[in-house]
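Commentary on secondary and tertiary structure
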Amino acid sequence: MLEPPARGASRRALLEKAFRYGLAAVGPVGAAVSQFLLSLQLLRMMQPAQFGAFSFLLVTSQFSNGVWSALFCAPLPVLMGGEDAARREAMLRALFTANLLGAAIAFLIFWALGASLGAPTPAALFFAGYGALALLRWFGRAYAYVTSAPMRTTASDLLYTLTLFAGVVLIQFRQPDSLTLPHAALCLSAAVSLLPFGKDYLSRQFVRLSLRETPLYGEVWRRHSSWSLTGVVTTEATANAHAYLVTFFLGPGAFAPLSASALLIRPISVVTNALSDFERPQMAREIHENRLDRAERSVRLFRLALMAMWVATAAGAAALLAYAPQLIFPSRYPLAEIATGAALWMAVSAIRLLRTPESILLQAGGMFRPLAYASMISCGVSIAAVGALLALGGPLWSIAGIFIGEAIYAFWVWRQARRWRAAETAKSTAP
């Protein structure tokens, strides 16, 4: 009969997991703090239309990170764990080449988007450079995790943080009246943050490319990325339908108050993304090794960490709004509007983080198609709810439409996770 694990061993495992979570989060949290300071500067320096345009461009950049996760990052652990050495190298060359070509296309898209929002040509070009380089860095982070080099990811995040923080200081002294300098600071930060990934990564990404083997990416697309991308696009519609509808119909100035109130939940999204990137390859390895018990424990600890972050953020936001809102929000943004928006965003983030561990578990298990189905359903609900609430209650209450879509998504993810667990358990116990 097997003995239960000693309580001391269990405690050590918990402390080790907490340390690894802290290590995984320190870089992204630092990067988010510097980017938060930049957003806060522009909130106070720029007119609402300029701040709204900047915030909307950041939303599209974050969406592109999700697209890159679907196209390149999420399939990476599966490819690294299931192919022979020669096949793996060929697939990696195809992946790195497609990654660089995709970043070049993204540069053109970001340039056109910035120009369409009225940004000066230099500002649009700098943001396009930032968007493209950030995608290369996003893939570099995933590659470092998969190749068991998490410290390279942390170093990249910290270098990005320090460079952007220097840009924030410069902006504070220069007090610019356009987005050119802030976008230039973002672009430079993304560029230098590629260096810690090392010679092997830089060589793979910029030198050892193979256009001849790029068609191999078609296999990745068919097996993983097509359904994963569908899930990302529909998830983006579920999560940010308000940003696109409000900006499209009412302009970036109307989006500014929504984006300002969303600053208060930034820590939650940052930590969620950081821990998701950390947990995905960990869970993939545990599933590949048929250690479902360890994967389930990872899900539980992941949820506890996210819940703790939510409670801390909610308490901090409430204290700030009650005692010193002027530290962040200038008087041109009504406090009642900011407080209502913050409460709605906290509700959205709560339902979102509660389903995140199961989402990552299903991604690690290669279950991209069921996730895509779930997000397609919630996408339609979210767009309809946001549109209706935008027409009936104005931009602020459109956030409630996001909550409705996220609740539908969470229900379907939990349902699919239960089915997946039952199927995997049956396979592991079959004679």
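Everything numeric here is computed off the predicted structure, so don't read it as measured data.

**Regarding the overall build of the protein**
A count of helices and strands for the protein gives 15 helices and zero strands. For the protein, the C-alpha radius of gyration of 22 Å lies close to 22 Å, the compact-globule estimate for 431 residues. When its C-alpha atoms are laid out on the principal axes, the protein stretches across 70 × 45 × 40 Å. Expressed as a percentage of the 431 residues in the protein, the buried residues total 54%. For the protein, the share of sequence-separated contacts (at least 6 apart) that also reach a separation of at least 24 residues comes to 84%. With an accessible surface of roughly 18,800 Å², the protein has 68% of that area assigned to carbon and sulfur atoms. Averaging the positions of the 36 positive and the 21 negative side-chain charges in the protein gives two centres separated by 2 Å.

**A short note on the pattern of salt bridges**
Across all of its chains, the model carries 11 salt bridges by this definition. Between Glu296 and Arg421 there is a salt bridge; the shortest N-O distance is 2.5 Å. Of the two residues, Glu296 sits in helix 12 (residues 292–323) while Arg421 sits in helix 15 (residues 398–429), which places them 125 residues apart along the sequence. In this structure, Glu358 engages Arg303 in a salt bridge whose closest nitrogen and oxygen atoms are separated by 2.5 Å. Residue Glu358 is located in helix 13 (residues 335–364), and its partner Arg303 is located in helix 12; the two are separated by 55 residues in the primary sequence. We classify Glu358 as buried; its relative accessible area is 5%. Linked through salt bridges whose partners overlap, the residues forming this network are Glu89, Asp200, Arg204 and Arg208.

**Looking at the nonpolar core**
Ranked by size, the top nonpolar core spans 69 residues in total, and within it Leu43 and Trp68 carry the most contacts. The element contributing the most residues to this core is helix 5 (residues 121–146), with 14 residues. In this structure, Val59, Ala243, Val299 and Leu390 belong to the second largest nonpolar core, which totals 39 residues.

**A few points about the environment of Pro330**
Here Pro330 is to be found in the loop between helix 12 and helix 13. Once residues lying within four places of it in the same chain are set aside, the contact partners of Pro330 are Leu43 and Arg44.

**Regarding empty space enclosed by the protein**
The tally for this structure, following the rule as stated, stands at two cavities of 30 Å³ or more. Lining the second largest cavity are Ser69, Cys73, Pro77, Trp138, Arg141, Ala142, Tyr145, Val146, Asp277, Arg280 and Pro281. Elements with a minimum of two residues in the lining of the second largest cavity: helix 2 (48–73), helix 5 and helix 11 (266–288). Per-element tally for the lining of the second largest cavity: the top contributor is helix 5, with five residues.

**Quick word on the packing of helix 4 (residues 85–116) against helix 5**
Between helix 4 and helix 5, whose axes approach to 7 Å, the crossing angle comes to 155°. Classified by the angle their axes make, helix 4 and helix 5 are roughly antiparallel. As for the relative orientation of helix 4 and helix 5, their crossing is right-handed in sense. On the side of helix 4, the interface is formed by Leu92, Leu95, Phe96, Asn99, Leu100, Ala103, Ala106, Phe107, Phe110, Trp111, Gly114 and Ala115, while helix 5 contributes Ala124, Leu125, Phe127, Ala128, Gly129, Gly131, Ala132, Leu135, Leu136, Phe139 and Tyr143.

**Some points on the confidence of the model for the protein**
Per-residue pLDDT for the protein averages 85, and the proportion of residues at 70 or more is 92%. Low pLDDT, under 50, characterises residues 1–5; the predicted model gives this stretch zero contacts beyond four residues in sequence or across chains.

**Let's talk about the packing of aromatic side chains**
Aromatic ring pairs are described here by two measures, namely the spacing of the ring centres and the angle between the planes. Under the defined criterion, the tally for this structure stands at 14 aromatic pairs. On the numbers, 6.2 Å between centres and 85° between planes, the contact of Phe411 with Trp412 is edge-to-face. Three or more aromatic residues joined by ring pairs make a cluster, and in this case those are Trp68, Phe72, Phe96, Phe139, Tyr143, Phe197, Tyr201 and Tyr217. Between Arg137 and the ring centre of Tyr160, over which it is positioned, the NZ or CZ distance is 4.8 Å.

**Describing the environment of Ala155**
Within the secondary structure, Ala155 sits in helix 6 (residues 150–174). Residues Ala155 and Phe197, spaced 42 residues apart in sequence, show a C-alpha to C-alpha distance of 8.2 Å.

Calculation criteria
Residues numbered from 1 in each chain as written. Predicted model: local features only at pLDDT ≥ 70, side-chain atom pairs only at ≥ 80, totals over all residues. Heavy atoms only, no water. Helix = DSSP H or I, 4+ residues; strand = E, 2+ residues; numbered from the N terminus. Rg over C-alpha atoms; globule rule 2.2 N^0.38 Å. Buried < 20%, exposed > 50% of the residue type's maximum accessible area, 1.4 Å probe, protein only. Contact = heavy atoms within 4.5 Å. Areas by Shrake-Rupley, 256 points an atom, 1.4 Å probe, with all protein chains shown as cover. Lys, Arg positive; Asp, Glu negative; His and termini not counted. Charge placed at Lys NZ, Arg CZ, Asp CG, Glu CD. Salt bridge = Lys/Arg side-chain N within 4 Å of Asp/Glu carboxyl O. Core = buried A, V, L, I, M, F, W, Y, C linked by side-chain atoms within 4.5 Å. 1 Å grid on protein atoms, 1.4 Å probe; cavity = no way out; pocket = protein on both sides within 12 Å on 5 of 7 lines; lining within 4 Å. Points joined across faces, edges and corners; volume = space filled by probe spheres on them. Axes fitted to C-alpha atoms, helices over the stretch in contact; angles between N-to-C directions. Parallel < 35°, antiparallel > 145°, perpendicular 65-115°, else oblique. Left-handed = near helix turned anticlockwise from the far one by under 90°. pLDDT = per-residue confidence, 0-100. Phe/Tyr/Trp six-rings, centres within 6.5 Å; stacked < 30°, edge-to-face > 60°. Lys NZ or Arg CZ within 6 Å of the ring centre and 35° of its normal.

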